[in-house]
Amino acid sequence: MDPLGAFRLDGSVAVVTGASAGLGARFARVLAAAGAHVVVTARRAERVEALAAEIGNATAVPGDVTNPADRARLVDAALAVTGRLDVLVNNAGGTKVGPALEESDDDFADVVAVDLVAPFALARTAAQAMVDQPEGGSIINVASVLGMVGVGQVPQAGYAAAKGGLINLTRELAAQWARRGVRVNALAPGWFPTEMTAEMFEDDRSMQWLARKTPMGRGGAEHELDGALLFLAAPASSYVTGQVLAVDGGWTAV
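Residues numbered from 1 in each chain as written. Predicted model: local features only at pLDDT ≥ 70, side-chain atom pairs only at ≥ 80, totals over all residues. Heavy atoms only, no water.

Caption draft 1: Seen up close, the environment of G98. Of note, G98 is situated in the loop between β4 (87-90) and α4 (105-130). For the pair G98 and G152, spaced 54 residues apart in sequence, the C-alpha to C-alpha distance is 10.0 Å. Not counting residues within four places of it along the chain, the set of residues in contact with G98 comprises P155 and Q156. (Helix = DSSP H or I, 4+ residues; strand = E, 2+ residues; numbered from the N terminus. Contact = heavy atoms within 4.5 Å.)

Caption draft 2: Summary view of the nonpolar core. Ranked by size, the top nonpolar core spans 34 residues in total, and within it L9, F27, L31 and V89 carry the most contacts. With seven residues, the top contributor of residues to this core is helix α1 (residues 22-33). Once residues lying within four places of it in the same chain are set aside, the contact partners of F27 are V16, V89, N91, V142, L187, L225 and L229. Counting 27 residues, the second largest nonpolar core, distinct from the first, contains L88, A127, M130 and L166. (Core = buried A, V, L, I, M, F, W, Y, C linked by side-chain atoms within 4.5 Å. Buried < 20%, exposed > 50% of the residue type's maximum accessible area, 1.4 Å probe, protein only.)

Caption draft 3: Molecular detail of the sheet that holds strand β7 (residues 244-247). Spatially, the seven strands line up as an open sheet ordered β3-β2-β1-β4-β5-β6-β7, and their pairing is parallel. For this open sheet the edge positions go to β3 (58-60) and β7, each flanked by a neighbour on one side alone. Direction aside, the axes of adjacent strands within the sheet are offset by 20° on average. Its contacts with the sheet put α1 on β1 (13-17), β2 (37-41), β4, β5 (137-142) and β6 (182-189), and the angle it makes with β1 is roughly 170°. Of the strands in this sheet, β2 and β3 are in contact with helix α2 (residues 45-55), which crosses β3 at around 165°. (Pairing = 2+ DSSP bridges. Axes fitted to C-alpha atoms, helices over the stretch in contact; angles between N-to-C directions.)

Caption draft 4: Fine view of the pattern of salt bridges. What the rule picks out here adds up to 12 salt bridges. Notably, a salt bridge pairs E222 with R26, separated by 3.9 Å at the nearest N-O pair. Of this pair, E222 sits in the loop between α7 (204-213) and α8 (226-233) while R26 sits in helix α1, placing them 196 residues apart in sequence. A residue is classified by how much of its surface remains accessible, and R26, at 23% relative accessible area, is partly exposed. (Salt bridge = Lys/Arg side-chain N within 4 Å of Asp/Glu carboxyl O.)

So this is what it looks like as structure tokens:
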């Protein structure tokens with residue numbers, strides 16, 4: 001038996017949302033390198049189309065995950081590849097940073113719509129296809145350490161609430177769908193360089209704060225999520241569901 005074969009995704013079809021840049025684009029490349037045909041989506045059409053062309057074994061479906069028609073079109077496109085959907089990576093998200101005393105109801109609701117409501121709706125649509133497959137499927141919700149602990153010094157109440165909700169939604173969906181072959185887990189990154197954190201990573205004072213607060217003394221590098229993603233997507237985690245895998249340099253350990 002080849003133990004590394006459990007991390008292969010040959011013949012699988014995977015969907016990655018929020019794939020126009022940063023972690024989402026990286027996730028798509030990693031899954032494709034493991035053998036999956038990857039269906040990528042984001043609102044910026046030119047970016048996901050360029051990514052799909054770069055990967056080769058990929059399909060671009062531009063769209064907005066908060067739009068029900070776009071979600072249905074995305075799953076239909078994935079099923080059109082081979083008639084199955086094996087992996088969903090709910091990565092699309094957004095935030096609005098600012099003190100809770102100044103965060104409007106609309107701003108809070110907008111963040112929750114993208115970071116919690118849309119992942120639930122897309123997971124439900126994907127699972128409707130996965131439960132009919134003998135092999136089931138794997139859903140990975142990209143949460144955050146900010147859904148596990150408070151920070152305060154980077155205030156974003158809507159984001160923290162949505163990611164906290166996404167983590168417990170992961171557990172509930174895992175419990176509901178486990179006997180039907182659909183595994184649901186969450187990946188909780190710590191501080192990684194993305195479009196949302198670009199300003200922080202370019203600021204010396206912020207990086208000194210991050211180094212002080214993180215047991216490993218630094219933020220994460222993009223490639224340091226590859227192994228966790230593959231583990232949750234591939235047969236290697238066939239007996240794992242309802243779990244939250246924090247990749248955070250020790251942030252949530254202290």
